Each structure stands twice: as structure tokens, then as C-alpha cells.
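A closer look at the structure
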Amino acid sequence: MRPIERDLERFKEIVRGEVKKRAREFLTREELFGEVEGRIVSIPLPQLELPKIVYRDPLGEGLLGGGPGEEALGPGGHIPVAELELEEFLDLMGEALRLPRLKPKGEGEVTEEAFRYTTLARKGPRGLRHVRRTLKEALKRTLMSGSYAPENPGLSLEPEDFRYRAPKNRPRPHAQAVVLFALDVSGSMREEELRLVKTLSFWITLWIRRHFPRLERRYLLHDAEAWEVSEEEFFRAREGGGTRLSSALLLAEEILEAYPEAFYNRYLYHFSDGENWHGDTPKALEVLRGLLPSLALYGFAQVEGPYGQGHFLEEVRDSLGDREEVALAEVRGREDLPRALRLLLGGKGEGRA
């Protein structure tokens, strides 16, 4: 391995270590939230010392960064940054937070056409010309005609000699998923609770998409009734009124009819403070019991509001907590996010991230 390759590998290890060390911080960095569709994530490296050679500078005084404990600055006085592909960043975050790998449930896949240039054709664009096969055909023709002269091995190309790379149609199974997010906006969810919901739904989306690139998202709000909204409306919701948790589950059931379980891995996430109208909990549990067999995962996150939290999570745990499709998490503040995220994705919650 050449020295420059060793240096590159060491730099990559520094970046990986920085991501793992600061995973809990990255989990709540809102400036990352616009990168769901992006491919590059910038990682600041404040402790990285960049060498700078200055003429006649005493040995050791030419490093950027004043000394122990001070942040090293790059060109222009800015903290050095490294850029990672989103997929690599997610893998590092997943390793640091011990997020579980998601597996397709049942078939959950569609067949799409995949084209690979694995065959040859006699006609095609110049850019796809296969030089070696063209020369081979020319040599074969010359030998068969008896005009090949070993002392003068030059070949003349005829139109019938040319060969071109051509695509071959090959069906390929491709897993896909749909995720529904339902949010209780009955008036007891404050700005801070909504931030926690936004953080969790953002990382849930990224992690599911890491395993199922073909991912569709739908967003629901509810108080006593439920309705579908855009992603933008979902994250700035401000409503009021009573609470019927069953309304969100019934609407989710209706929407999921458009996503047959034979072709989709179906995820449903519900965020609430757990308060529910008296008498609605048995109905909500009944709807949920009917939905679970068709879901890859049902995640319920009970967020502590200004008046505490209700008991729906306990009801679900008592009635359905032994089902592998059920994932439950309590969220009282930002410190609970790593564990809650791990639980809501079907992982174990013991210990701290």
C-alpha cells in the first residue's frame, strides 16, 4: 500500500471515529434534517490538526491550532470538515446507536427490469463498440478467406466485423416499503414534543430507506378525527380538541389498502402523549390487532407532555406487547432519543447509545 493510500485510510478512520463518538449529537442536529433526499453529509472535525509549512518557522509552530484544547481551524479560519456519502454516514450512525438491520417481511418485493450490457450486437453506437471482439471477428474472417499473412499481420475492418455491447433485459426482484406516520395533535403536544417527533420520524425514514430504497411516505394528523396531510403540514401541526387514537388507526388501515402486503413492507408509526377518550382504547386495540399481521412493524412512541402522559402504551404492552410486530418507546426528553429510535426500529433498548 502506498503512503498516500495509508494516509487516506487513516483519515477515513478519523472521520468514522468522529461520527461514532458524536452520534448522539448528530441525532438531534436539525441542520441535517433537510438532507433526507441528499447524498452528502458534512462532518466537522474540530480536533483535526492540519499541517501548514511556513518558511523558517520553528519546528512544531507551523500547525494550525494554537495548542492543546484549542480547536484546529482550516483555511479561512473555519473548522475542517469531511464529506461522507449519506449511506456510509447512516451505516456509521447505525453502528454507533446499535440500530437493527431491517429485513423484508414475506415477499414485499416487485419485479423490475434491469438492463446490463452482457451481450453483443452487430449494430450500435460508436461509444459501445467492442474493440477486442471486433478485431477477433476481423481476424476470423481473414483466416477463413486465406488472406492472412503472418509476416504482415495488419487487419482491414469490414462492416460485418464490428461488434457492439448490447443490453440484456433481466428481471430483478426489488424490495419496497411504505411508512405511515400518525401524530396526535389534540392540544397537549407542545413545541418541544413536536421536535422530538420530528427527530424520530426523520431518522426512522432514513433508516427504513437505507434498507428499502423504494420507500413511500404518508402523514396523518388526528385529534378526535384523523386526516391526511403533506409532510410539511405534518411538522408544523398545531391543533386542539379531544383525542381518539382509533381514528388514526382506522385511517391508516384505509390508506394501506393501496399498498398490498404482498408487494410492500408496511410500517406504521404513531406519536402521542398516550391520553385517549374514555371507551376508545378497546376500539383502538381491536383495529390494531387486525392490522398487525400485515405490518412489518407498528411503532408507538409515547411522548411526555406538559401534563404528563396517558396509559395507551401500557394498554398496548399488556394486550399486544408479545407480538414481534409491536415496538414501543417512552420519550421524556432528548436524552431518550437514541434508545427510543432503537426500540421503534425493532431493536433492543438495554443500555445507552
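Residues numbered from 1 in each chain as written. Predicted model: local features only at pLDDT ≥ 70, side-chain atom pairs only at ≥ 80, totals over all residues. Heavy atoms only, no water.

1. With respect to the overall build of the chain
Per the secondary structure count, the chain includes ten helices and nine strands. Evaluated residue by residue, the chain yields a buried proportion of 44% over its 353 residues. Within the chain, contacts between residues at least 6 apart in sequence are counted, and of these 77% link residues at least 24 apart. Taken as a whole, the chain presents about 19,700 Å² of accessible surface, with 50% of it coming from carbon and sulfur. (Helix = DSSP H or I, 4+ residues; strand = E, 2+ residues; numbered from the N terminus. Buried < 20%, exposed > 50% of the residue type's maximum accessible area, 1.4 Å probe, protein only. Contact = heavy atoms within 4.5 Å. Areas by Shrake-Rupley, 256 points an atom, 1.4 Å probe, with all protein chains shown as cover.)

2. Some thoughts on the packing of helix H7 (residues 245-256) against helix H8 (residues 281-291)
Running from amino to carboxyl end, H7 crosses H8 at an angle of 25°, the nearest separation of the two axes being 8 Å. What the angle tells us is that H7 and H8 run roughly parallel. Read as a crossing pair, H7 and H8 show a hand that is left-handed. Contacts between H7 and H8 involve Leu245, Ser246, Leu249, Leu250, Glu253 and Leu256 from the first element and Lys283, Ala284, Val287, Leu288 and Leu291 from the second. (Axes fitted to C-alpha atoms, helices over the stretch in contact; angles between N-to-C directions. Parallel < 35°, antiparallel > 145°, perpendicular 65-115°, else oblique. Left-handed = near helix turned anticlockwise from the far one by under 90°.)

3. Some thoughts on helix H3 (residues 86-97)
Here H3 contains twelve residues, and its C-alpha end-to-end distance of 16 Å stays within 8% of the 16 Å for a straight helix at 1.5 Å per residue. Residues of H3 that are buried include every one of Leu86, Phe89, Leu90, Leu92, Met93, Gly94, Ala96 and Leu97, and no others. Lining the buried residues of H3 we find helix H1 (3-21), helix H2 (23-27), strand S1 (40-44), strand S2 (81-85), helix H5 (191-211) and helix H10 (337-344). Phi for Arg98, located one or two positions after H3, is positive at around 55°. (Expected span 1.5 Å × (residues − 1).)

4. Quick look at the packing of H1 against H3
Geometry of a packed helix pair, given as the angle between the helix axes and the separation of the axes. Between H1 and H3, whose axes approach to 8 Å, the crossing angle comes to 50°. Regarding the angle of H1 to H3, the classification is oblique. Once H1 is placed against H3, the crossing between them reads as right-handed. The segment H1 lies against H3, with Arg16, Val19 and Lys20 engaging Glu88, Phe89, Leu92, Met93, Glu95 and Ala96. In terms of residue class, the contact of H1 with H3 is made up of five nonpolar, no polar and four charged. (Nonpolar A, V, L, I, M, F, W, Y, C, P; charged D, E, K, R; others polar.)

5. Details of the pattern of salt bridges
Across all of its chains, the model carries 19 salt bridges by this definition. Of the charged contacts in the structure, one is a salt bridge between Glu192 and Arg195, with a shortest N-O distance of 3.6 Å. In this pair, Glu192 and Arg195 are both assigned in helix H5, three residues apart and thus about one turn of the helix distant. For Arg195, a relative accessible area of 32% translates into the label partly exposed. Put simply, Glu225 and Arg244 hold a salt bridge, and the shortest N to O gap is 2.6 Å. (Salt bridge = Lys/Arg side-chain N within 4 Å of Asp/Glu carboxyl O.)

Nothing here speaks to function; it is geometry throughout.
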